[in-house]
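Per-entry structural report
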Amino acid sequence: MRTQVFLTNVDYFTDPVSDEPIIRLYGKTEYGETKVFFQENFKAYFYLARPSPHDRRLLAMAGAQIGENVELEHYQEKYDCVKVYLRHPKHMPRLREKLINRGRTVFSADILYQLRYLYDNDLGAFVEVEHDSSYSVQSIQRCKSFDVNLDVVTFDIECSLRTKEMYCIAAQLNDNAGVVFTNASGEAKMIEDFVEYINAVDPDIITGYNSNGFDMPVLMKKAKSLNVEMGIGREGDEPWMREDNKRRIKSWFASGRIFVDTWQQVKQELKPIQESLGFVGELLGVGSKDNVDASRIEEEWANRRLSVIKYCKKDVKVTYDVFMHDKIASISKAMALSVASDLPLEHSFAPVTSRIVDSLLIRRFDKKGFAVPQNNWNNKAKKIKGATVFEVFKPGIYHNVGIFDFKSMYPSVMIKNNICPTTFTKTETGDSVRSPLGVYFRLDKESIVPKILKALWEWRDATKLKIEKNGDYNDRLQYSIKVLMNSFYGVMASDFYRFTNPSIGGSITAFARKGIQDVYDELESRNYTTIYGDTDSVFVQLTDDDPHELAKELSARGLEMELEKILSSFFTHGAKKRYAATVEWPKKEFYVKGYELKRGDSFKRQREVLEQSLRLILDSRPDDALKLVTKAVKEIKNGEVDLEDLIVTKSVRSPSEYVNPDSNAGVQAAAKLQARGYPWLPGTKISWVVSNSKQTPMEVEPYIETTDMNVKFDRDYYADRLVRTMSDIAGVFDWDDMGLRSGTKQLRLF
């Protein structure tokens, strides 16, 4: 029998009879069926270089089997290796560390067993499986993609943080009507009913809003206290959690399911100033939560039970609508990355950059006989020097400005100079190119990274031609390919990645700096004024010459450049990475970088005044802009502003992560929020209003959407912040802070 599926999850389990590992592949057919396939007799393995007789005895005692001899190449050096097969993948870490601690060289010794299977069979996201009636894999290969519909359960819990009582669980399959399980017959029965529901509707994805950080931990803890089995995995297993300390996120896992936190998806895509579900729901136009006071949830449940149930169901519906919204596009975005990276869907919602690059590199390194070293997670190497950011030519307003962009700058550099671990050498060998750091990359040597990047580049260009509208599948796919291309530089320049080498990452940025400088010099030789240069872009005062032709001429001399934007007006006060512009082409828009228009630790009135002022400045009306600031300052000083316009929002970590938590406004707001019965988790955003900045520490009050707040805000604090925001901008036009407050332009004495 043959079945084609889109791979959602791949894991393994241990056969209780034979004690052998069995790979398990979960997939979805084009007809919406979930299939599970089993691959037996796939051995975990690694390579040991130049084994001694003692090494062979150690391996034999560990039950490992020494297989064939293999010659592997690593940085131009040949290694005679043996392939070591293990009885079980769980033995890999211990045996690897024993050998490394004895000074031995091992390769491919940290690759996840199930991913090793995918790499060795060169499988992608869509596969065709030949299998028997028991779904044992007889053969497996890639196949063409097809449309897939995935089932999503969205859920939410309502509980008391004070009493630890759980009141209800709401859940919804796809966009169907939601269901609610209450504690009417006890909390244990409520959780059991929820588990039964999950297993009955059999979703591929389970999501909620901050579900990984709040709902899942609370639910699992409650189930454990009641001795209730939370068997919601497809094999009846309970979910387990892994904490990513670097990214400060929790991830949950269960067989055949994918746990996705909609809150994390929103943070990735929108980076909203506030992150509450109510704010995001209104921002996306899908509604907000009903008016239930979460700080008094015990009273609300006792007196307004139906309102709380409605509130919980509404929460679930809004979360699902956010999850599926075109601006979030969680599923289509993840599927596109899954296809681009040749990985199952489970790796694509919160992708680990090194893993998606591994997926493309390791298969090819293996095939060509190059060694695959281990990641070095404890390495803390010196950071490499980044790309060039030029000083601003002169602060002020400019008109008719072109932004010229180096097309995929770092991938371009790697392709042009054949940069790859397989071509790297410290001495000039054969036909090679010398990097500005003094190392070499051979042009007559098999290169893997440049070939992958070329293929991705061509794939992206072809995919872009298929785009019918913004945000469709092909648009998401081309963006995923772009992210993947740029990821190669990211990991090559890191200090932990298996193929990291400071000379390789440093050479990439050095070549890029040289390319930017060459363009800068060429423009200067042609009497163009370069106003600013920012990493992979240059801002040029245009002339009567055709800017598109100029881009072609600059490309002919080095890295490929393209005209990204034509600005009718451009303003900078002289600081790097801070400017505003009115875009004329390719579409008219107001464009800002670096200023506080999207920063949550700014307040709404501050952002409004800044944007209005920048628009006036770009319209060559700087005095009107600064008079607008003066008016806003006076309104704040007189208390003529809504409290909602003064909210400050910021992510707040655990108090233990701060040197002086007692002086931190966010920690203070979080403590007050929890004292009033509201849930808060470290790493989430909190909103507050400053009530007294003259105290030490500054006094703040947490802002709560669903309650009426009777707080007197610190007028001087907010007025001063607005003045400080505009101070550098105002200085370009000879206004000082006193002038901003009074509305009178001050004359300079010198």
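In the block above lies the structure referred to throughout.
Attention in this report is confined to the structure presented alongside it.

Rules and cut-offs
- Residues numbered from 1 in each chain as written.
- Predicted model: local features only at pLDDT ≥ 70, side-chain atom pairs only at ≥ 80, totals over all residues.
- Heavy atoms only, no water.
- Helix = DSSP H or I, 4+ residues; strand = E, 2+ residues; numbered from the N terminus.
- Buried < 20%, exposed > 50% of the residue type's maximum accessible area, 1.4 Å probe, protein only.
- Contact = heavy atoms within 4.5 Å.
- Areas by Shrake-Rupley, 256 points an atom, 1.4 Å probe, with all protein chains shown as cover.
- Lys, Arg positive; Asp, Glu negative; His and termini not counted.
- Charge placed at Lys NZ, Arg CZ, Asp CG, Glu CD.
- 1 Å grid on protein atoms, 1.4 Å probe; cavity = no way out; pocket = protein on both sides within 12 Å on 5 of 7 lines; lining within 4 Å.
- Points joined across faces, edges and corners; volume = space filled by probe spheres on them.
- Nonpolar A, V, L, I, M, F, W, Y, C, P; charged D, E, K, R; others polar.
- Salt bridge = Lys/Arg side-chain N within 4 Å of Asp/Glu carboxyl O.
- Pairing = 2+ DSSP bridges.
- Axes fitted to C-alpha atoms, helices over the stretch in contact; angles between N-to-C directions.
- Phe/Tyr/Trp six-rings, centres within 6.5 Å; stacked < 30°, edge-to-face > 60°.
- Parallel < 35°, antiparallel > 145°, perpendicular 65-115°, else oblique.
- Left-handed = near helix turned anticlockwise from the far one by under 90°.
- Core = buried A, V, L, I, M, F, W, Y, C linked by side-chain atoms within 4.5 Å.
- Arc of directions from axis to C-beta.
- Polar contact = N/O pair within 3.5 Å; in protein donor to acceptor, adjacent residues only side chain to side chain.

1. Describing the overall build of the protein
Counting secondary structure elements, the protein contains 21 helices and 28 strands. C-alpha atoms of the protein, sized along the principal axes, occupy 85 × 80 × 50 Å. Out of the 750 residues belonging to the protein, those deemed buried represent 54%. Considering only intrachain contacts with a sequence separation of at least 6, the fraction spanning at least 24 residues in the protein is 65%. By element, 47% of the accessible surface of the protein is carried by carbon and sulfur atoms, the whole surface being about 34,700 Å². Counting 106 positive and 108 negative side-chain charges, the protein places the averaged centre of each group 4 Å from the other.

2. Quick look at unusual backbone geometry
With an omega of 15 degrees, the peptide bond between Trp585 and Pro586 qualifies as cis. With respect to the helices and strands, Pro586 occurs in the loop between strand S24 (579-585) and strand S25 (589-593). With an omega of 0 degrees, the peptide bond running from Thr696 to Pro697 counts as cis. Residue Lys164 is not a glycine yet carries a positive backbone phi of 70 degrees. Looking at the secondary structure, you find Lys164 in the loop between strand S10 (152-159) and strand S11 (166-173). On the basis of relative accessible area, Lys164 is assigned to the exposed category, the value being 55%. Positive phi, normally seen in glycine, also occurs at Asp342, with a value near 60 degrees. With relative accessibility at 9%, the residue Asp342 sits in the buried group.

3. With respect to empty space enclosed by the protein
Considering all chains together, one arrives at one cavity of 30 Å³ or more under this definition. As a volume, the largest cavity reaches approximately 80 Å³. If you go around the largest cavity, the residues you meet are Glu73, His74, Tyr75, Gln76, Phe365, Phe370, Ala371, Pro373, Pro421, Thr422, Arg498 and Phe499. By residue class, the composition of the lining of the largest cavity is seven nonpolar, three polar and two charged.

4. Looking at the pattern of salt bridges
On inspection of all chains with the given rule, the structure shows 56 salt bridges. One salt bridge connects Asp55 with Arg104, and the closest N-O pair in it is separated by 2.8 Å. Of the two residues, Asp55 is situated in helix H1 (residues 53-61) and Arg104 in the loop between helix H2 (92-101) and strand S7 (106-107); the sequence distance between them amounts to 49 residues. Taking the relative accessible area as the measure of exposure, Asp55 reaches 0% and is therefore buried.

5. Describing the sheet that holds strand S2 (residues 21-28)
Reading across the sheet, the five strands line up as S3-S2-S1-S8-S9 and stay open at both edges, with antiparallel pairing between neighbours. Whereas interior strands pair on both sides, the edge strands pair on one side only; in this sheet they are strand S3 (34-39) and strand S9 (137-142). The mean inter-strand angle of the sheet, taken between neighbouring strand axes irrespective of direction, is 40 degrees. Sheet analysis places strand S8 (residues 126-131) next to S9, joined by five bridges and oriented antiparallel. The residue bridging His131 from the neighbouring strand is Val137, located in S9. Each of strand S1 (2-14), S2, S3 and S9 is contacted by helix H3 (residues 113-120), which is oriented at about 145 degrees to S1, the strand it contacts most.

6. A look at the environment of Lys83
Mapped onto the elements, Lys83 comes out in strand S6 (residues 77-86). Here Lys83 falls in the buried class, since its relative accessible area comes to 13%. The spatial distance from the C-alpha of Lys83 to the C-alpha of Glu196 is 46 Å, given a sequence separation of 113 residues. Excluding anything up to four places from it in sequence, Lys83 contacts Tyr45, Phe46, Tyr47, Gln65, Ile66, Gly67 and Glu68.

7. Notes on the packing of aromatic side chains
Scanning the entire structure with this criterion turns up 32 aromatic pairs. Here the aromatic rings of Phe37 and Tyr135 are separated by 5.7 Å at their centres, their planes lie at 55 degrees, and the arrangement is tilted. Of this pair, Phe37 sits in strand S3 while Tyr135 sits in the loop between S8 and S9, placing them 98 residues apart in sequence. A ring pair is formed by Tyr75 and Phe424, whose centres lie 5.6 Å apart and whose planes are at 75 degrees; its orientation type is edge-to-face. A residue pair is termed long-range when its members are at least 10 positions apart, and Tyr75 in the loop between strand S5 (65-74) and S6 and Phe424 in strand S18 (residues 424-425) qualify at 349 residues. You can call Tyr75 partly exposed: its relative accessible area is 26%. Overall, the relative accessible area of 4% leaves Phe424 in the buried class.

8. Topic: the sheet that holds strand S19 (residues 432-434)
Sheet architecture is open: three strands sit in the order S18-S20-S19, paired in antiparallel fashion. Single-partner strands in this sheet number two, and they are S18 and S19. When S18 meets strand S20 (residues 440-442), the two strands line up antiparallel, connected through two bridges. Within the sheet, the bridge partner assigned to Thr425 lies in S20 and is Tyr440. The strands touched by helix H15 (residues 502-525) within the sheet are S18, S19 and S20, with S20 carrying the most contacts at an inclination of about 95 degrees.

9. A few points about the pairing of strand S15 (residues 249-254)
Examined bridge by bridge, strand S14 (residues 240-244) and S15 share five bridges and lie antiparallel to one another. For Glu243, the partnering residue across the bridge sits in S15 and is Lys250. In sequence, S15 turns back onto strand S16 (residues 257-261) through a hairpin of two residues, with Gly256 there showing a positive phi of about 75 degrees.

10. Structural notes on the packing of helix H7 (residues 277-284) against helix H9 (residues 305-324)
The contact between H7 and H9 brings their axes to 10 Å, and the two run at 50 degrees. Classed by the angle they form, the pair H7 and H9 counts as oblique. In this structure, H7 meets H9 at a crossing whose hand is left-handed. Counting all contacts with H7, which are made through Leu277, Val280, Gly281 and Leu284, the residues of H9 involved are Asp315, Val318, Thr319 and Val322. Here the contact of H7 with H9 is composed, by residue class, of five nonpolar, two polar and one charged.

11. Things to note about the nonpolar core
Phe46, Leu361 and Phe488 are the most contacted members of the largest nonpolar core, which has 112 residues in total. Aside from chain neighbours lying at most four places away, what touches Phe46 is Leu59, Val82, Lys83, Val84, Leu86, Met92, Leu95, Leu99, Val106, Phe107, Ser108 and Ala109. Core analysis: the second largest hydrophobic core is formed by 62 residues, Val633, Val648, Tyr678 and Phe713 among them.

12. A few points about helix H16 (residues 547-555)
In an α-helix, one turn spans 3.6 residues; hence positions three or four apart end up facing the same way. Residues of H16 that are buried include every one of Pro547, Leu550, Ala551, Leu554 and Ser555, and no others. Around the axis of H16, the buried residues are gathered within 135 degrees of arc, so they sit on the same side. Buried positions along H16 lie against strand S17 (396-406), H15 and strand S23 (561-572). A distance of 2.9 Å separates the backbone nitrogen of His548 from a side-chain oxygen at the start of H16, and that oxygen is part of Asp546.

13. A short note on helix H12 (residues 409-416)
The buried fraction of H12 amounts to seven of the eight residues, a majority that puts the element mostly inside the structure. Buried within H12 we find Met409, Tyr410, Pro411, Ser412, Val413, Met414 and Ile415. Those residues of H12 that are buried are in contact with S17, helix H13 (449-464), helix H14 (473-492) and H15. Two residues or fewer after H12 comes Asn418, characterised by a positive phi angle close to 55 degrees.

The quantities given are spatial measurements derived from coordinates; they are silent on function.
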